[in-house]
Amino acid sequence: EETPGLSEFGNFFHKVVEIYTKNYTSDPLIALERFKNYAKELLLTSIFPKQTTNFWQAKIEAIAKDFILFDHTRRQNLQQVVAEARGELVLKISGKEIKIVAIADRIEINKENKAIIMDYKTGTLPTKKDVFSGLSPQLIIESIILLEGGFGKLGSLEVESLVYVKINSKSPYISLTEIPIRTEDIQNHKQGLINLLAHYITTGQYFLEPNLMNYDDYWYLARRS
């Protein structure tokens, strides 16, 4: 019964983009209408209140033109775009098999056969320091999985950069933050992940001091102070 917030809109936006990407057309006018219609169809079957669906449809229609321009411009230098790609990696650590699963919002394969991994964000973006320190590990972990060939038919690919696509509340509706990354960086993070998981497995200690966290959603949910 609560009014849906930014996170719910983010989930809705991701679904619209997934459907659009899987039904891509190179005609920008057709693409624009499809994008709006996919949103409308999803909202018609949603459980959200009428005022929310009306607001979200208006918001999507405002974003749509910038998103289509962003998508078509990027595709000029790409050979493939994959949406909501599921990848997994099995690590054998301290006598145990650990399966790591990730879903990438968007993976682009450029004409040099290198990958760009993207994440759509309606909220606050992590900093480069957050990413390389492991505080925001999502795209790093997806890079590890892709380098290891864990995204199925995509095979093993060198990752060129990590990109956060910020969905803004006013024009310009799309802005990018790109973080270049080297294979050496990814391999170092993989070893760091193995070391961390080995520590968890061998010691059974998972506690992290709250003053090391930039975000406190976990602590709120765990009812910790």
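Residues numbered from 1 in each chain as written. Predicted model: local features only at pLDDT ≥ 70, side-chain atom pairs only at ≥ 80, totals over all residues. Heavy atoms only, no water.

Asks: What is the right way to look at the packing of helix 1 (residues 6-22) against helix 2 (residues 28-44) in this model?
Replies: To characterise two packed helices, one gives the angle between the axes of the helices and the distance between these axes. Packing of helix 1 against helix 2 brings their axes to within 9 Å, and their N-to-C directions diverge by 130 degrees. Comparing the axis directions of helix 1 and helix 2 gives the class oblique. Pair helix 1 / helix 2 crosses with right-handed handedness. Between helix 1 and helix 2, the contacting residues are Phe12, Phe13, Lys15, Val16, Val17, Ile19 and Tyr20 on the first element and Ala31, Phe35, Tyr38, Ala39, Leu42 and Leu43 on the second. Across the contact of helix 1 with helix 2, the residue classes tally to 12 nonpolar, no polar and one charged. (Axes fitted to C-alpha atoms, helices over the stretch in contact; angles between N-to-C directions. Helix = DSSP H or I, 4+ residues; strand = E, 2+ residues; numbered from the N terminus. Parallel < 35°, antiparallel > 145°, perpendicular 65-115°, else oblique. Left-handed = near helix turned anticlockwise from the far one by under 90°. Contact = heavy atoms within 4.5 Å. Nonpolar A, V, L, I, M, F, W, Y, C, P; charged D, E, K, R; others polar.)

Asks: How should the sheet that holds strand 5 (residues 174-180) be read in this particular structure?
Replies: The strands making up a sheet associate through hydrogen bonds between their backbones, and the pairing can be parallel or antiparallel. If you walk across this open sheet you meet the five strands as 1-2-3-4-5, and the pairing is mixed. Taken across any chain shown, the strands that pair with only one partner, and hence form the sheet edges, are strand 1 (78-93) and strand 5. With strand direction ignored, the average angle separating the axes of adjacent strands in the sheet is 35 degrees. Examined bridge by bridge, strand 1 and strand 2 (residues 96-110) share 14 bridges and lie antiparallel to one another. For Val81, the partnering residue across the bridge sits in strand 2 and is Glu108. The strands touched by helix 3 (residues 50-75) are strand 1, strand 2, strand 3 (115-121), strand 4 (159-167) and strand 5; relative to strand 5, the strand with the most contacts, the crossing angle is about 35 degrees. (Pairing = 2+ DSSP bridges.)

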